[in-house]
Amino acid sequence: MAEQEGAVQTADTTRVPTVIADDLHIVYRVYGTGAGKGSATAALNRIIRRKPSTGVREVHAVKGVSFTAYRGESIGLIGSNGSGKSTLLKAVAGLLPAERGKVYSHGQPSLLGVNAALMNDLTGEKNVILGGLAMGMSREQVHERYQSIVDFSGINEKGDFISLPMRTYSSGMGARLRFSIAAAKDHDVLMIDEALATGDRSFQKRSEARIRELRKEAGTVFLVSHNNKSIRDTCDRVLWLEKGELLMDGPTDEVIKAYEKETGK
Amino acid sequence: MSTVSETTHDSAVAMSAPPTSDDGLSRAELARKYGLTQSGARPSLPEYVRQLWDRRHFISAFSSAKLTAQYSQAKLGQVWQVVTPLLNALVYYLIFGLLIGTSRGVEDYVPFLVTGVFIFTFTQSSVMAGTRAISGNLGLVRALHFPRACLPISFCLMQLQQLLFSMGVLVLILLGYGQVPTWSWLLAIPALVLQFVFNTGLAMVMARLGSKTPDLAQLMPFIMRTWMYASGVMFSIDVILKEKAVPAFVHVLLDCNPAVVFIDLMRFALIDSFTSDKLPPHVWPLAVGWALVMGIAGFVYFWKAEERYGRG
């Protein structure tokens, strides 16, 4: 094992850990996983026949993952769909309670995303304020940044759309506003999940630039992506997850090479 | 220098451990050395209160956003804020006032009934919203950081805002039935504040229970309806029990019922013919006691499970 340690080691020896995951296990409990139809008669039928399919099913999404992330690192997470990447991020952010094990972090790691706090029935304007407050900005900060959020989203380029309810937006417009709100806050440990840069070409360019900016300001960045190129471009270390287990942890080139070999690419 | 794809965590441990002076430290020791805190750990109670205070603007923005979103698809829009309680009162009046005739022996029956319905609905909907505060907002809980107590509190605040619309309707009804505004109407304010604190505490208890057992949301309507009939919302308990031999302790229990306490306080404040002799004994101390006990106990109970909300 000793030689592998050198793989992650960089020139300076004063490396400050920002996130430590210690033998982390995450278990989801899913209710109502009964197979087949969800009708009352089907449920009754199952109860009468004493099939065990109803009730709770446990999904062991992350199985004993350990790693230490340092300040200034950009860490990519790769793995096939359902390998537990997003779950791991949520656990690091402290949003999903761990079944076993612990996550230690410097400051408050945050997921880049605010979708859940927004309400489709409200105007874009109110959603900008609500989203900002939900991310923990003060009221003054929200008002300060309001105009730049709206300008960045480009929602008002084709007329006064910001005063319309969000349910009237096209999916692209909605995605642009959501990204603009989420990207308005600076983060200590930042986690970015998958393709956030949506919308048309010009907006994609703008949001990629903004992510780069955020990464510079943040101490440590985690990026979940299926796009190996964007991982190569932005990350210097990669964690490869498969079936909830940490398969590999090392410099980007090595891990991606092994991953591509495995996935037959 | 090859990174082996072993599936054990031991390999991961070795790979990311830095060969510096930190070598040989366990992960927990390393975390302590660099002052890392446990992600998603429960803050201390004073710290929690401070965090909650920092989020006060979010709480109020969230509750008024929910309130506005509620009727935004309806053509009449926010008019429903007023019409809904009015229709509610009308239905109860038709059934209990005209058909069953519980109005016998109650002076000013319509103000009596409407006050009861509105005040009980405040507690009822707070409890119902509280039950679903966490389990119905898992997406939010799993996406963003905030003290989770924000959710039940802002749902109760939303119910309070809704109640204020209802109180506007109530004032019109009172005036229509010849009640003249007096200084005693001001007593409605402390009564509402106490009830709000009580509701919030209860909602936080229900939020914790509901987060563990989402099925409660199906069960609660029946419990709440039972509570409503036991609280003399549409009849006077005193009149009903007058001719019956009821053990004294039942009387005491009925008088201590927090819903009865808050409803009767409001009736006493607003309706002239509802005089102080109709109030349960020690009603103000009871109201303050219920608010304090439920408010504090509910808050502490909710905080105790703070780090566990969001688990499926």
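Residues numbered from 1 in each chain as written. Chains lettered and ligands numbered in written order. Predicted model: local features only at pLDDT ≥ 70, side-chain atom pairs only at ≥ 80, totals over all residues. Heavy atoms only, no water.

Caption draft 1: View of the overall build of chain A. Regarding its fold elements, chain A presents nine helices and nine strands. When each of the 265 residues of chain A is scored for burial, the buried share is 50%. By element, 51% of the accessible surface of chain A is carried by carbon and sulfur atoms, the whole surface being about 12,200 Å². (Helix = DSSP H or I, 4+ residues; strand = E, 2+ residues; numbered from the N terminus. Buried < 20%, exposed > 50% of the residue type's maximum accessible area, 1.4 Å probe, protein only. Areas by Shrake-Rupley, 256 points an atom, 1.4 Å probe, with all protein chains shown as cover.)

Caption draft 2: Here's a closer look at the nonpolar core. All names here are of chain B. Among the nonpolar cores identified, the biggest contains 60 residues, and F118, F120, M234, M266 and L270 are the most heavily contacted of them. Elements with a minimum of two residues in this core: α5 (80-99), α6 (109-131), α8 (150-176), α9 (188-212), α10 (216-229), α11 (237-241), α13 (258-270) and α14 (283-303). For this core, the element with the most residues is α6, which contributes eleven residues. (Core = buried A, V, L, I, M, F, W, Y, C linked by side-chain atoms within 4.5 Å.)

Caption draft 3: How the structure looks around the confidence of the model for chain A. Per-chain confidence: chain A averages 79 in pLDDT, with 85% of residues scoring 70 or above. Confidence drops under a pLDDT of 50 for residues 1-13 of chain A, and excluding neighbours within four residues, the segment shows 24 contacts in the predicted structure. (pLDDT = per-residue confidence, 0-100. Contact = heavy atoms within 4.5 Å.)

Caption draft 4: A look at the pattern of salt bridges. Residue and element names in this part refer to chain A. Counted according to the given criterion, the structure contains 14 salt bridges over all chains. E73 serves as the salt-bridge partner of R237, at 3.1 Å between the closest nitrogen and oxygen. Residue R237 is found in strand β8 (residues 237-242), and its partner E73 is found in the loop between β2 (57-70) and β3 (74-78); the two are separated by 164 residues along the sequence. On the basis of relative accessibility, which here comes to 1%, the residue R237 falls in the buried class. (Salt bridge = Lys/Arg side-chain N within 4 Å of Asp/Glu carboxyl O.)

Caption draft 5: Region of interest: the sheet that holds strand β1 (residues 37-38) of chain B. In space, the four strands of this open sheet follow the order β2(A)-β1(A)-β4(A)-β1(B), with antiparallel pairing throughout. The open sheet has two free edges, formed respectively by β2 of chain A together with β1 of chain B, since each of these has just one partner strand. Two strands pair when backbone bridges link them, and strand β4 (residues 100-105) of chain A and β1 of chain B are joined in this way by two bridges, in the antiparallel orientation. The residue bridging Y104 of chain A from the neighbouring strand is Q38 of chain B, located in β1 of chain B. (Pairing = 2+ DSSP bridges.)

Caption draft 6: Molecular detail of the pairing of β3 of chain A. Residue and element names in this part refer to chain A. Taking burial as the measure, the five residues of β3 include five buried ones, the bulk of the element. Pairing geometry for β3 and strand β7 (residues 220-224), over four bridges, is parallel. Paired with I75 across the bridge in β7 is F222. Examined bridge by bridge, β3 and β8 share four bridges and lie parallel to one another. Looking at the pairing, I78 lines up with W240 of β8.

Caption draft 7: Highlighting the sheet that holds strand β9 (residues 245-251) of chain A. Residues and elements named next belong to chain A. Spatial ordering of the open sheet is given by β5-β6-β7-β3-β8-β9, a layout of six strands whose pairing is mixed. Each edge of the sheet is formed by a strand with only one pairing partner; in this case those strands are β5 (109-111) and β9. Each strand axis lies, on average, 20° off the axis of its neighbour in the sheet, ignoring direction. Pairing analysis gives six bridges linking β8 to β9, with the strands arranged antiparallel. Within the sheet, the bridge partner assigned to W240 lies in β9 and is M248. (Axes fitted to C-alpha atoms, helices over the stretch in contact; angles between N-to-C directions.)

Caption draft 8: Geometry of the packing of aromatic side chains. Per the counting criterion, the structure on display carries 13 aromatic pairs over all chains. Centroid distance F58 of chain B to F146 of chain B: 5.5 Å. Interplanar angle 50°. Geometry classified as tilted. Placement of F58 of chain B in helix α4 (residues 56-70) and of F146 of chain B in the loop between α7 (138-141) and α8 is noted, with a sequence separation of 88 residues between them. An identical accessibility class is assigned to F58 of chain B and F146 of chain B; each is buried. Where F120 of chain B meets W227 of chain B, the ring centres are 5.7 Å apart and the plane angle is 85°; that geometry is what we call edge-to-face. With F120 of chain B in helix α6 and W227 of chain B in helix α10, this pair connects stretches of sequence that are 107 residues apart. The exposure classification of F120 of chain B matches that of W227 of chain B, with both residues buried. Put simply, the rings of F58, F62, F146 and F155 of chain B pair up and form one aromatic cluster. In this structure, R206 of chain A is placed above the aromatic ring of F152 of chain A, and the distance from its NZ or CZ to the ring centre is 5.6 Å. Positioned above the aromatic ring of F112 of chain B, the side-chain terminus of R267 of chain B is 3.5 Å from the ring centre. (Phe/Tyr/Trp six-rings, centres within 6.5 Å; stacked < 30°, edge-to-face > 60°. Lys NZ or Arg CZ within 6 Å of the ring centre and 35° of its normal.)

Caption draft 9: Molecular detail of the side chain of R210 of chain A. Residue and element names in this part refer to chain A. With respect to the secondary-structure elements, R210 resides in helix α7 (residues 201-217). With relative accessibility at 14%, the residue R210 sits in the buried group. Among the polar contacts listed, one links the side chain of R210 to the side chain of E213, at a separation of 2.8 Å. (Polar contact = N/O pair within 3.5 Å; in protein donor to acceptor, adjacent residues only side chain to side chain.)

Caption draft 10: View of the packing of helix α5 (residues 139-153) of chain A against helix α6 (residues 171-182) of chain A. Residue and element names in this part refer to chain A. The contact between α5 and α6 brings their axes to 8 Å, and the two run at 140°. Note that α5 runs across α6; the crossing there is right-handed. Along the contact surface, α5 presents I149, F152 and S153, while α6 presents R176, L177, F179, S180 and I181. For the contact of α5 with α6, the per-class residue count stands at five nonpolar, two polar and one charged. (Left-handed = near helix turned anticlockwise from the far one by under 90°. Nonpolar A, V, L, I, M, F, W, Y, C, P; charged D, E, K, R; others polar.)

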